[in-house]
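# Inside the fold
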Amino acid sequence: NPTRLRRFPSEPNGNEPRVPGNMGLRVGFVGAGQMAEALCRGFDAAGVAKCVDMTIIDRNQPRRDLFASWGCKIGASNEEVVKNVDVVFISVKPYAVADLLREMAPFLGPHVLVVSIAAGVTLATMEDAAGAGVPIMRVMPNTPCLVGCLAGAMSKGTSCTPEHVDTTARLLGAVGKCHEVPESKMDAVTGVSGSGPAYVYQVIEAMADGGVLAGLPRAVAQDLAARTVMGAAKMVLETGKHPGELKDAVTSPGGTTIAAVHHLEKCGVRAAFQGAVKAAADRAHELSKS
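Attention here is on the structure that accompanies the text. (Residues numbered from 1 in each chain as written. Predicted model: local features only at pLDDT ≥ 70, side-chain atom pairs only at ≥ 80, totals over all residues. Heavy atoms only, no water.)

### Looking at helix α5 (residues 123-130)
- Restricting attention to buried positions, one finds in α5 the residues Leu-123, Met-126, Glu-127, Ala-129 and Ala-130. The buried side chains of α5 occupy one side of the element, clustering within an arc of 165° when seen end-on. With respect to the buried face of α5, the exposed residues turned more than 90 degrees away are Ala-124 and Asp-128.
- Those residues of α5 that are buried are in contact with α4 (97-104), β5 (113-116), β6 (136-140) and β7 (150-156).
- In the segment just after α5, Gly-131 is the residue with positive phi, at about 100°. (Buried < 20%, exposed > 50% of the residue type's maximum accessible area, 1.4 Å probe, protein only. Helix = DSSP H or I, 4+ residues; strand = E, 2+ residues; numbered from the N terminus. Arc of directions from axis to C-beta. Contact = heavy atoms within 4.5 Å.)

### Looking at the nonpolar core
- If you look at the biggest cluster of nonpolar residues, it comprises 32 residues, and the most contacted ones within it are Val-27, Phe-29, Leu-39, Phe-43, Met-54, Phe-89 and Leu-171.
- Contributions of two or more residues to this core are made by β1 (27-30), α1 (34-46), β2 (54-57), β4 (87-90), β5, β6, β7 and α6 (162-172).
- Among the elements that take part in this core, α1 stands out by supplying 5 residues, more than any other.
- Beyond its immediate chain neighbours, meaning those up to four positions away, Leu-39 contacts Phe-29, Phe-89, Ile-117, Cys-145, Leu-172 and Val-175.
- One finds Val-30, Val-97, Phe-107 and Met-126 within the second-largest nonpolar core, a separate group that totals 24 residues. (Core = buried A, V, L, I, M, F, W, Y, C linked by side-chain atoms within 4.5 Å.)

### Some remarks on the sheet that holds β7
- The strand order across the open sheet formed by 8 strands is β3-β2-β1-β4-β5-β6-β7-β8, and the pairing between neighbours is mixed. Looking at the sheet topology across the chains shown, the edges are occupied by β3 (73-74) and β8 (176-180).
- Judged from the 4 bridges that link them, β1 and β2 form a sheet pairing that is parallel. What sits directly across from Val-27, in β2, is Met-54.
- The sheet contacts of α4 involve β1, β4 and β5, and relative to β4 the element is tilted by about 150°. (Pairing = 2+ DSSP bridges. Axes fitted to C-alpha atoms, helices over the stretch in contact; angles between N-to-C directions.)

### Observations regarding the packing of aromatic side chains
- Counting across every chain of the model gives 4 aromatic pairs.
- Plain terms: the ring middles of Phe-29 and Phe-43 are 6.3 Å apart, the flat faces sit at 20° to each other, and that makes the pair stacked. Taken together, the positions of Phe-29 in strand β1 and Phe-43 in helix α1 put the pair 14 residues apart, joining distant regions of the chain. The exposure classification of Phe-29 matches that of Phe-43, with both residues buried.
- Seen in terms of ring centroids, Phe-67 and Trp-70 are 5.1 Å apart; in terms of plane orientation they differ by 50°. Their pairing is tilted.
- Overall, the relative accessible area of 0% leaves Phe-67 in the buried class.
- Of the aromatic side chains, those joined through ring pairs into one cluster are Phe-29, Phe-43 and Phe-89. (Phe/Tyr/Trp six-rings, centres within 6.5 Å; stacked < 30°, edge-to-face > 60°.)

Structure, rendered in structure tokens:
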């Protein structure tokens, strides 16, 4: 069964015993925002973890009520969440991560995998706060996770085993694709996929504006632009062909597409995108040092 995930060995810290024969993971969320919602629903839909085996904690009552309506347990404290899960997702604001992990440290250990989806918080910072021996995975997601199209990356901490990496990849595989990269590459990931959706939204908006300029109704132009981006992305992913090869396949000699491509090249679009990715990566590096 490709979605059957192993739990990690329990320790005598009060964790509840596993239910015999139940091989699903127990997952916790500290922070129940939009990203946690997307992960929760994706895990449940894929069967890698069911809502009834998830425990969440959040200060916001409407968010607690939403997760409870799906069958999730609502924790009264961070300690209760940690003691009842195999994997805990840290989905709070980046500035709060270190203090949160220090608070949770007495209840953490090798028995619970910690997965942080907080942007810019380094493994060193988290490991220092959580204490020795705690397996921590750092994940850089992006907002398309909300529609099951995650493009992200993960880096393992010093206490992680191959099983921890595999578990994280399988869980996140329920909502898209997550590559394992060295933490030193996380800023580059931020530049490409973390901030990337904003670049593509601008492309879609600009293409739609062009359609309106050429005479199309706004709704039609925007739908055509968005579906064109989605279809082109699927062509790259499903054919395995280089984007340049796919571009060449639709640029007939003297035709409309090569005229448009020529105009984009004159405007420096390729360099603009490269520069945008580098600027975002550089800014991510600056923020991680602050």
